[in-house]
Amino acid sequence: MCGRYTLTQSPEAIAQAFQVKQHHQDPKYNIAPTQMVEVVLHNPVRGDREIEQLRWGLIPSWTKDPGIGAKLINARSETAAQKPAFRSAFKHRRCLVIADGFYEWQLQNGKKQPFYFHLLDKKQFAFAGLWEQWESPQNQKINSCTILTTTANELVQPIHERMPVILQEQDYDLWLDQKVFKPEDLQKILKPYVSEAMTAYPVSTLVNNPKHNSQDCIMPLS
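Looking at an unreviewed UniProt entry, one finds the chain named Abasic site processing protein, with Iningainema tapete BLCC-T55 as its source organism. Its UniProt record, at the heading Sequence similarities (unreviewed entry), says of the chain: "Belongs to the SOS response-associated peptidase family."

Next comes the structure, spelled out in structure tokens:
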């Protein structure tokens, strides 16, 4: 499960990395479910990429209760193409969820200890995401997203059995291309990230409270 992550890179770095127009955002050290998050979508009209803000927690278009989104912050990559809540989005509405780190918790002496994971080069990356548009009877529209997960790599496994799918940069176009839907091709890129390219360390329990959003959340415990 991925229930918290970070996005602290500069707007310039993000724009360059994802080939999008610069989008201002303040550093986020503790992104939590139901918050608005930055994602990259493919614009079929212009044929380029764009950044949008979507609510984290996918709300299926057919549901009557938008509150279900808080329970659908993750989707298992192995089964998302078949699950009623995700299969339409998996086929037609895939996105890149921009991040530069994520948290997982390990049970230690009856307490949950948070760990922070990021790439060795500390750069931004993309989670494989799905998005959906929900509309209420009163014509209220909510665009929302979920993050795909896979089995944990060797670094994450001692902390948690699952991890978010971090896509390789060369796979961004395939994941965003709405004209391509071969489940077997997509499944090939939904795999654990190379553990040797990542690092992790324990951090303060400040991150347990989504109201905390400061650099202290990612500082290593002394």
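Right, picking up where we left off after that structure.
## Observations concerning the overall build of the chain
Of the regular secondary structure elements, the chain holds four helices and 13 strands. Compactness check: the chain gives a C-alpha radius of gyration of 17 Å against a globular reference of 17 Å for 222 residues, within 12% of the reference. With the C-alpha coordinates of the chain rotated into their principal frame, the extents come out at 50 × 35 × 35 Å. Across the 222 residues that make up the chain, the buried fraction comes to 50%. Carbon and sulfur atoms form 49% of the exposed surface of the chain, whose accessible area is close to 11300 Å².

## Describing the environment of Ser 214
In this fold, Ser 214 is placed in the segment after β13 (198-202). Judged by its relative accessible area of 28%, Ser 214 is partly exposed. In this structure, the C-alpha to C-alpha distance between Ser 214 and Pro 192, residues 22 residues apart in sequence, is 28 Å.

## Structural notes on the pattern of salt bridges
Between side chains of opposite charge, a pair can form as their charged atoms come close. With the rule as written, the count across this model stands at six salt bridges. Taking the shortest distance from any N to any O, the salt bridge between Asp 48 and Arg 46 comes out at 3.2 Å. With a closest N to O distance of 2.7 Å, Arg 49 and Asp 173 form a salt bridge. With Arg 49 in strand β4 (residues 48-56) and Asp 173 in helix α3 (residues 172-176), this residue pair connects regions lying 124 residues apart in the sequence. On the basis of relative accessibility, which here comes to 12%, the residue Arg 49 falls in the buried class. With relative accessibility at 53%, the residue Asp 173 sits in the exposed group. Linked by salt bridges that have partners in common, Arg 46, Asp 48 and Glu 50 make up one network.

## Comments concerning the nonpolar core
With 58 residues, the main nonpolar core has Tyr 5, Phe 102, Phe 127, Leu 148 and Trp 175 as its most contacted residues. A per-element tally of this core places strand β9 (residues 125-135) first, with six residues. If you look at the next biggest cluster of nonpolar residues, it comprises nine residues, including Tyr 116, Val 203, Val 207 and Cys 217.

## Some thoughts on the environment of Glu 52
Summarising the element assignment, Glu 52 is placed in strand β4. Each C-alpha atom, one on Glu 52 and one on Val 39, is 5.5 Å from the other, the two residues being 13 residues apart in sequence. Filtering out sequence-adjacent residues up to four positions away, Glu 52 remains in contact with Val 37, Glu 38, Val 39 and Leu 41.

## Digging into the packing of aromatic side chains
The full count for this structure, using the stated rule, is 10 aromatic pairs. With centroids separated by 5.2 Å and ring planes inclined at 70°, the aromatic side chains of Tyr 5 and Trp 56 adopt a geometry described as edge-to-face. Here the residue Tyr 5 occupies a position in strand β1 (residues 5-7), and Trp 56 occupies one in strand β4, the gap between them amounting to 51 residues. No difference in accessibility class separates Tyr 5 from Trp 56, as the two residues are buried. Taking 6.4 Å as the distance between ring centres and 45° as the angle between the ring planes, the aromatic pair formed by Tyr 103 and Trp 105 counts as tilted. Residue Tyr 103 is classed as buried on the basis of its relative accessible area, which comes to 0%.

Reading the values: rules and limits
Residues numbered from 1 in each chain as written. Predicted model: local features only at pLDDT ≥ 70, side-chain atom pairs only at ≥ 80, totals over all residues. Heavy atoms only, no water. UniProt positions renumbered as here; feature names shortened; annotations may be inferred. Helix = DSSP H or I, 4+ residues; strand = E, 2+ residues; numbered from the N terminus. Rg over C-alpha atoms; globule rule 2.2 N^0.38 Å. Buried < 20%, exposed > 50% of the residue type's maximum accessible area, 1.4 Å probe, protein only. Areas by Shrake-Rupley, 256 points an atom, 1.4 Å probe, with all protein chains shown as cover. Salt bridge = Lys/Arg side-chain N within 4 Å of Asp/Glu carboxyl O. Core = buried A, V, L, I, M, F, W, Y, C linked by side-chain atoms within 4.5 Å. Contact = heavy atoms within 4.5 Å. Phe/Tyr/Trp six-rings, centres within 6.5 Å; stacked < 30°, edge-to-face > 60°.

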